[in-house]
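Given next are the chains, with one letter for each unit.
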Amino acid sequence: MCEIMERIANEERNEGRIEGETRVNTLNSILINLNRFDDLKRAATDKEFQMQLMIELLPDEM
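Not measured: the values here are computed from a predicted model. (Residues numbered from 1 in each chain as written. Predicted model: local features only at pLDDT ≥ 70, side-chain atom pairs only at ≥ 80, totals over all residues. Heavy atoms only, no water.)

K.L.:
For helix α3 (residues 47-57), give the residues involved together with the corresponding values.
P.N.:
Among all positions of α3, only F49, Q50, L53 and M54 are buried. Each buried residue of α3 sits inside an arc of 145 degrees when the element is viewed along its axis, so together they form one side. Opposite the buried face of α3, at more than 90 degrees from it, the exposed residues are E48 and I55. Of the surrounding elements, those touching the buried residues of α3 are α1 (2-33) and α2 (37-43). Its side-chain oxygen at 3.2 Å from the backbone nitrogen of E48, D46 defines the N-terminal cap of α3. (Buried < 20%, exposed > 50% of the residue type's maximum accessible area, 1.4 Å probe, protein only. Helix = DSSP H or I, 4+ residues; strand = E, 2+ residues; numbered from the N terminus. Arc of directions from axis to C-beta. Contact = heavy atoms within 4.5 Å. Polar contact = N/O pair within 3.5 Å; in protein donor to acceptor, adjacent residues only side chain to side chain.)

K.L.:
Tell me about the packing of α1 against α3, and name the residues and values.
P.N.:
As a packed pair, α1 and α3 sit with axes 10 Å apart at the nearest point and diverge in direction by 75 degrees. In terms of orientation, α1 lies roughly perpendicular with respect to α3. Residues R23, V24, L27, I30 and L31 of α1 touch α3, and the partners they reach there are Q50, L53, M54 and L57. Taken together, the residues of the contact of α1 with α3 sort by class into seven nonpolar, one polar and one charged. (Axes fitted to C-alpha atoms, helices over the stretch in contact; angles between N-to-C directions. Parallel < 35°, antiparallel > 145°, perpendicular 65-115°, else oblique. Nonpolar A, V, L, I, M, F, W, Y, C, P; charged D, E, K, R; others polar.)

Shape is all these values report; function is a separate question.
Printed below as a string of structure tokens:
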């Protein structure tokens, strides 16, 4: 039973990781299309700023 629970937990973590990566990639694409390269550069190192941009540019996903 413990092994099954571990597999489920691992699958959920993987799904969350993939979802997060997709969100970041979407944000990066939007910033590139808007020529907001300074914001893109800052978001790569400032997670709080990245979250602000996600709220601004990806409101339906937040």
